[in-house]
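Reading the structure
Given next are the chains, with one letter for each unit.
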Amino acid sequence: MNALHHLWKQLLERELEQRAGEAAEAEVRWRPRLHIAPPIGWLNDPNGLCQYQGLYHAFYQFSPFQPEGGLKFWGHCTSRDLLHWTFEGAPLAPDQPEDCHGVYSGSALVENGSMHLYYTGNVKETGDHDFINTGRRSSTMLAISRDGRTVEAKELLMTQNDYPADLTCHVRDPKIWKQEGIYYMVQGARTKENKGVILLFSSEDKRHWRYLGRFESKEDFGYMWECPDLYELDGQTVLSISPQGVKAEGLKYANLYQSVTCFLEGDFCKGAQVKDFRELDGGFDFYAPQTFLGDDGRRIQIAWMGMPDVEELYTNPTVKDGWQHMMTIPRELSIQNGVLCQNPVRELEHWWNCSHSFVGDFEGAIEPCCELALSTEGEALEVILAGGLRLRYQRDEKIFRMEFTDSLLGAGRTTRGREVEDLKSLRILIDVSSVEVFLNNGSDVFTTRFYPEEHAYTVKIHGPDCRGTYYIHS
Ligand code: FRU
């Protein structure tokens with residue numbers, strides 16, 4: 001640990017101590033019970049997701065001293081059940097010439113008892129720059145942890161000179177995996193023609209990387225592609241991308257930035273043209289998803305339950321409590337009938353220990369952390385949460401909608417919708433200030449933050465043919 005890292009560590013500890021002393025009622029009121037959230041400050045992308053020596057580890061983009069976002073560290077938390085997380089500190093801090101303006105996103109490769117953490121070192125040079133074509137350095141860095149808590153000396157693996165010459169300075173977010181004895185890496189990038197692409201590299205020793213090719217779209221699909229992921233799932237090769245600059249198309253691509261997947265045909269090893277993107281989420285707060293393979297073979301995805309650069313559109317009132325943003329619930333992925341499905345990890349079903357079933361309309365107070373599982377065959381279904389978040393489906397319209405009718409509840413969020421051929425079932429997971437709705441066994445998902453007043457946790461369900469169960473942990 002160098003002197004700067006030591007200083008950051010002390011500052012963080014002092015800030016946390018001070019906060020613990022102050023811990024006012026208001027500060028805890030919107031804190032999730034089952035989701036990853038920062039103890040203080042700002043959180044964005046999940047990083048370095050893995051299972052290491054039996055524990056689940058999640059790192060994340062973390063600005064500990066600025067709830068509105070600022071200089072990025074990697075925050076770290078661990079869990080035994082993917083639902084209850086313990087904060088472990090910030091093992092990666094901006095303490096090197098190559099990452100002094102941010103330890104940006106990346107991933108973990110666990111091998112031979114060591115955690116290899118790959119990330120982007122961000123540097124903004126002084127001077128008059130656009131920071132797109134000049135003035136920014138994005139280096140590929142490696143830090144190894146042998147105890148799952150602290151890291152050894154950081155290594156510089158690649159600089160701008162190692163990336164293809166037609167790219168801008170925006171190259172970042174390495175995701176690494178091993179397949180048939182070879183290491184692969186994908187990185188997000190923006191070309192000088194303002195086209196988003198994903199770069200593919202390979203290596204035989206985890207340190208020396210060779211550029212193999214790229215994934216790109218023939219059609220215009222945004223100026224920058226961030227946070228890529230590539231994985232095998234149920235016989236398909238899935239490429240996951242977070243593109244910026246995709247134009248809205250009817251109900252599609254309604255958020256400022258997107259998160260999409262597509263299936264790759266054939267051997268991915270040279271890159272390819274990609275198409276037929278599908279949005280991973282239809283709600284307001286979902287970005288930069290990443291996956292990892294659990295020891296039991298499950299492909300688990302966690303995404304940032306947030307969106308960059310939307311402050312003028314919608315906000316999160318937790319900022320005044322000194323923290324902002326959280327992750328989605330870890331979701332098990334599967335492909336069913338050709339569609340990528342996301343469902344909460346099965347640990348959640350074991351966590352609920354009290355339930356109540358009902359048929360037809362249902363109305364009443366609910367716990368701030370609970371689940372509602374519904375099945376319907378009727379013509380219409382309407383669920384109103386906290387008096388001002390309406391979820392509705394009408395069979396003749398074939399659109400599922402998530403609509404805030406109370407602007408304070410949504411802190412500026414308005415409406416989203418998505419075509420859904422036939423609504424049969426939905427699971428609504430509510431965790432104090434978040435709502436995740438899983439339709440038809442996770443083939444469509446809507447994710448949003450919401451901010452009910454303390455005594456406003458209620459539900460009103462109107463659906464004549466609806467059957468439901470309400471779950472809590474008591
Ligand atoms: C995505 C992102 C990444 C970058 C990180 C910085 O939200 O912009 O591309 O590495 O956030 O915090």
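Residues numbered from 1 in each chain as written. Predicted model: local features only at pLDDT ≥ 70, side-chain atom pairs only at ≥ 80, totals over all residues. Heavy atoms only, no water.

1. Considering the overall build of the chain
How we decide: Note on conventions: DSSP H or I runs of at least 4 residues are helices, E runs of at least 2 residues are strands, and numbering of each starts at the N terminus. Here the globule rule is a power law, 2.2 Å times the number of residues to the power 0.38, and the radius of gyration is based on C-alpha atoms. Note on exposure labels: buried denotes an accessible area under 20% of the residue type's maximum, exposed denotes more than 50%, and partly exposed covers the range between, all computed with a 1.4 Å probe on protein chains only. Only heavy atoms matter for contacts: two residues are in contact if any of them lie within 4.5 Å across the pair. Here the accessible surface of atoms and residues is derived via Shrake-Rupley with a 1.4 Å probe, and residues count as covered only by protein chains that are part of the display. When charges are counted, neither His nor the chain ends are considered; positive counts come from Lys and Arg and negative counts from Asp and Glu. For the purpose of locating charges, the reference atoms are NZ of Lys, CZ of Arg, CG of Asp and CD of Glu.
Broken down by element type, the chain carries four helices and 35 strands. Scaling as 2.2 N^0.38, a compact globule of 474 residues should have a C-alpha radius of gyration of about 23 Å, and the chain matches this with 22 Å. The buried share of the chain, taken over its 474 residues, is 59%. Taking as baseline every contact in the chain between residues at least 6 positions apart, the subset at least 24 positions apart corresponds to 60%. Accessible area of the chain: about 19500 Å², with a carbon and sulfur share of 48%. Measuring between centres, the 48 positive side-chain charges of the chain sit 2 Å from its 70 negative side-chain charges.

2. Structural notes on the domain arrangement of the chain
We apply this condition: For the domain bounds, the source is a domain assignment made automatically or taken from a database. By buried area we mean how much accessible surface two parts lose on assembly, using a 1.4 Å probe and totalling the loss over both. One speaks of a salt bridge when a side-chain nitrogen belonging to Lys or Arg is within 4 Å of a carboxyl oxygen belonging to Asp or Glu. Pairs of N or O atoms are called polar contacts if they sit within 3.5 Å, as long as, within protein, a hydrogen donor faces a hydrogen acceptor (for residues adjacent in sequence, only side-chain-to-side-chain pairs). Amino acids outside the nonpolar list (Ala, Val, Leu, Ile, Met, Phe, Trp, Tyr, Cys, Pro) and the charged list (Asp, Glu, Lys, Arg) are all regarded as polar, and Gly is one of them.
Partitioning the chain into domains gives domain 1 (3-14 + 29-343) and domain 2 (352-472). Distance between the C-alpha centres of domain 1 and domain 2: 29 Å. Taken together, the contact between domain 1 and domain 2 spans 38 residues of the former and 36 residues of the latter. Of all residues in domain 1, Trp 30, Leu 251 and Phe 284 give up the largest surface area on contact with domain 2, accounting jointly for 23% of the area buried on that side. Where domain 1 touches domain 2, the interface holds three salt bridges. With a shortest N-O distance of 2.8 Å, Arg 413 and Asp 285 are connected by a salt bridge. Viewed at the interface, domain 2 and domain 1 are joined by 26 residue pairs in polar contact (both at pLDDT 80 or more). Sorting the residues of the side of domain 1 that touches domain 2 by element identifies β17 (278-279), β22 (331-336) and β23 (339-344) as the ones contributing at least two each. The biggest single contributor to the side of domain 1 that touches domain 2 is β23, with five residues. The class makeup of the residues in the side of domain 1 that touches domain 2 is 18 nonpolar, twelve polar and eight charged.

3. Examining the environment of Val 339
Inspection of the secondary structure assignment puts Val 339 in strand β23. Residues Val 339 and Ser 443 lie 104 residues apart in sequence; the distance between their C-alpha atoms is 6.4 Å. Val 339 has contacts with Arg 278, Ser 334 and Ser 443, leaving out every residue within four places of it along the chain.

4. A closer look at the site of the ligand
The line we're drawing: Only a single heavy atom is needed: when it lies within 4 Å of a molecule or strand, its residue is near that molecule or strand.
The environment of the ligand is made up of Asn 44, Asp 45, Gln 61, Lys 72, Tyr 104, Ser 105, Arg 172, Asp 173, Glu 226, Cys 227 and Tyr 287. Between the ligand and Asn 44 there is a distance of 3.1 Å, counted from an oxygen atom to a side-chain nitrogen or oxygen. A distance of 3.1 Å separates an oxygen atom of the ligand from a polar backbone atom of Ser 105. When the ligand sits alone it has 320 Å² of accessible area, and the protein chains cover 91% of it.

5. Considering the state of the cysteines
The condition is simple: The term disulfide is used for any two cysteine sulfur atoms that are within 2.5 Å.
What the rule picks out here adds up to zero disulfides. Note on Cys 77: no disulfide assigned, nearest cysteine sulfur contributed by Cys 50 at a separation of 11 Å.

6. A few points about the nonpolar core
Inclusion rule: Put simply, a nonpolar core is a bunch of buried Ala, Val, Leu, Ile, Met, Phe, Trp, Tyr and Cys residues held in one set by side-chain atoms that sit within 4.5 Å of each other.
Counting residues in hydrophobic clusters, the biggest one holds 81 residues, and the most contacted among them are Leu 385, Phe 400, Ile 428, Val 437, Phe 450 and Ile 461. Shared between two domains, this core takes at least three residues from each, and those domains are domain 1 (3-14 + 29-343) and domain 2 (352-472). Among all residues touching Phe 400, those that are not within four sequence positions of it are Leu 391, Arg 392, Tyr 393, Arg 416, Gly 417, Arg 418, Val 420, Leu 423, Leu 426, Val 437, Leu 439 and Phe 446. Listed in part, the 19 residues of the second largest apolar core include Tyr 184, Ile 198, Ile 241 and Val 274.

7. Re the sheet that holds strand β2 (residues 55-63)
Note the following rule: Whether two strands pair comes down to DSSP finding at least two bridges between them.
Read across the open sheet, the five strands follow the order β4-β3-β2-β1-β20; overall the sheet is mixed. A strand with exactly one partner marks an edge of an open sheet, and here the two such strands are β4 (86-92) and β20 (323-324). As judged from the four bridges shared by strand β3 (residues 73-79) and β4, these two strands associate in the antiparallel manner. Residue pairing across strands places Cys 77 opposite Phe 87, the latter belonging to β4.

8. What about the packing of aromatic side chains?
The geometry of an aromatic ring pair is captured by two quantities: the separation of the ring centres and the angle between the planes. For the record, the criterion: We call Phe, Tyr and Trp rings a pair once their centres come within 6.5 Å, taking the six-membered ring for Trp, and we label the pair stacked below 30 degrees between planes, edge-to-face above 60, and tilted otherwise. Sitting over a ring, as applied to charges here, requires NZ of Lys or CZ of Arg to be within 6 Å of the ring centre and within 35 degrees of the ring normal.
Following the criterion strictly, the structure yields 26 aromatic pairs and no others. Their ring planes at 85° and their centres at 6.1 Å tell us that Tyr 118 and Trp 209 sit as a pair that is edge-to-face. Here Tyr 118, found in strand β6 (residues 114-124), pairs with Trp 209, found in the loop between β11 (196-203) and β12 (210-216); they are 91 residues apart in sequence, far enough to count as distant. Across the pair, exposure class does not vary: Tyr 118 and Trp 209 are buried alike. Centre to centre, the rings of Phe 358 and Phe 362 are 3.9 Å apart; their planes meet at 5°, and the pair counts as stacked. In terms of burial, Phe 358 and Phe 362 fall into one category: buried. Members of the aromatic cluster, connected to one another through ring pairs, are Trp 42, Tyr 257, Tyr 287 and Trp 304. Geometry around Trp 30 places Arg 29 over its ring, the cationic atom sitting 4.0 Å from the centre. Across from the ring centre of Phe 131, 5.0 Å away, lies the NZ or CZ of Lys 124, which sits over that ring.

9. Quick notes on the side chain of Glu 226
With respect to the secondary-structure elements, Glu 226 resides in strand β13 (residues 224-233). Looking at Glu 226, its side chain comes within polar contact range of the side chain of Gln 244, at 3.1 Å. Residue contacts for Glu 226: discarding those within four places in its chain leaves Arg 172, Asp 173, Ile 241, Ser 242, Gln 244 and Tyr 287.

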